[in-house]
Amino acid sequence: MKIDIWSDVRCPFCYVGKHKFEAALEQFPHKDKIEVVWRSFELDPDLKTDPDRSTLDHLAESKGISRAQAERMTQHAVKAAKEAGLELNFAKAVVANSFNAHRLMQFAKIRDLGSEAEEQLFKAHFTEGINIDDKTALLQTGISIGLDEKEVGEVLFSDAYAGNVRQDEADAQTLGIRGVPFFLFNDKYAVSGAQATGTFLEALTQSWNEFEKENKSKPIIITEGEACSMDGNCH
């Protein structure tokens, strides 16, 4: 069963939501039959990268408030992250456009490392204060999760996977997604936001039960008559 997750690595609640969802998945008895597909969503596509400014300063300026007020605004996210075992440092996180980070994630998906890419990008942005729009830094991120250095370089220093990012965003628009994280279970059930682990587990269970009903591998045979098998036997 497939689960699509629209996310932006600049979104603190996407980071929290990822860990709460993964905690639910660990408890799910059919976790080995779940395919998680990470999808791109830019919260601010027009954001100009400025590594000399912190996300906290940017928030204060964009909202027209003091830095202290901006810090208070982020405390809810910081607390939610701490409860999930994560560290958010808005004063350290730099202002960076996430488009190139999304392109890296799209490539990582092809190598079955989409979740690993998301995790490292979140950590780089929110905890380590790394510029996630810097291609050299992204190259190191790709290498750290096991991607080939040459291949990552070819992706980053070109426009590769830009179309994949745009397609994900177009799909989000079609679905009416206006905020992230957004989780779509089996193309039918949606969970919006960094919900509790129990909520994710409930969504997994409900969608799995329906998925099983739709995908019974064998029909129930009421009666059998003459037939021919693939080995050439007719009886």
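Before any of the text, the structure's been laid out above.
Residues numbered from 1 in each chain as written. Predicted model: local features only at pLDDT ≥ 70, side-chain atom pairs only at ≥ 80, totals over all residues. Heavy atoms only, no water.

A. Focus on helix 10 (residues 197-214). With 18 residues, helix 10 ought to run about 26 Å at 1.5 Å a step, and its terminal C-alpha atoms sit 26 Å apart, in line with that. If you check which residues of helix 10 are buried, you get F200, A203, L204, S207, W208 and F211. All buried residues of helix 10 project into a common sector of 125 degrees when viewed along the axis, lining one side. Facing away from the buried surface of helix 10 by more than 90 degrees, the exposed residues are E202 and K213. (Helix = DSSP H or I, 4+ residues; strand = E, 2+ residues; numbered from the N terminus. Expected span 1.5 Å × (residues − 1). Buried < 20%, exposed > 50% of the residue type's maximum accessible area, 1.4 Å probe, protein only. Arc of directions from axis to C-beta.)

B. A look at the pairing of strand 6 (residues 189-192). With 4 bridges connecting them, strand 5 (residues 182-185) and strand 6 associate as antiparallel partners. Directly across from L184, in strand 6, lies its bridge partner A190. Taken together, strand 5 and the strand that follows it, strand 6, pair antiparallel across an intervening segment of 3 residues, in which N186 is found at a positive phi of about 55 degrees. (Pairing = 2+ DSSP bridges.)

C. Broad picture of the packing of aromatic side chains. Inspection of the entire model under this criterion finds 11 aromatic pairs. Here W6 and F182 contribute two aromatic rings whose centre-to-centre distance is 6.3 Å and whose plane-to-plane angle is 70 degrees, an arrangement assigned as edge-to-face. Residue W6 is located in strand 1 (residues 2-7), and its partner F182 is located in strand 5; the two are separated by 176 residues in the primary sequence. Side by side, W6 and F182 carry an identical accessibility label, which is buried. (Phe/Tyr/Trp six-rings, centres within 6.5 Å; stacked < 30°, edge-to-face > 60°.)

D. Seen up close, the pattern of salt bridges. The full count for this structure, using the stated rule, is 15 salt bridges. Between K2 and D187 there is a salt bridge; the shortest N-O distance is 3.7 Å. Placement of the pair is K2 in strand 1 and D187 in the loop between strand 5 and strand 6, with a sequence separation of 185 residues. With a relative accessible area of 29%, K2 lands in the partly exposed category. Relative accessible area serves as the criterion here: at 53%, D187 is assigned to the exposed category. Among the ionic pairs, R166 bridges to E169, the shortest N-O distance being 3.1 Å. With R166 and E169 both in helix 9 (residues 162-175), this residue pair falls 3 residues apart, about one helical turn. Classification of E169 as buried rests on a relative accessible area of 18%. (Salt bridge = Lys/Arg side-chain N within 4 Å of Asp/Glu carboxyl O.)

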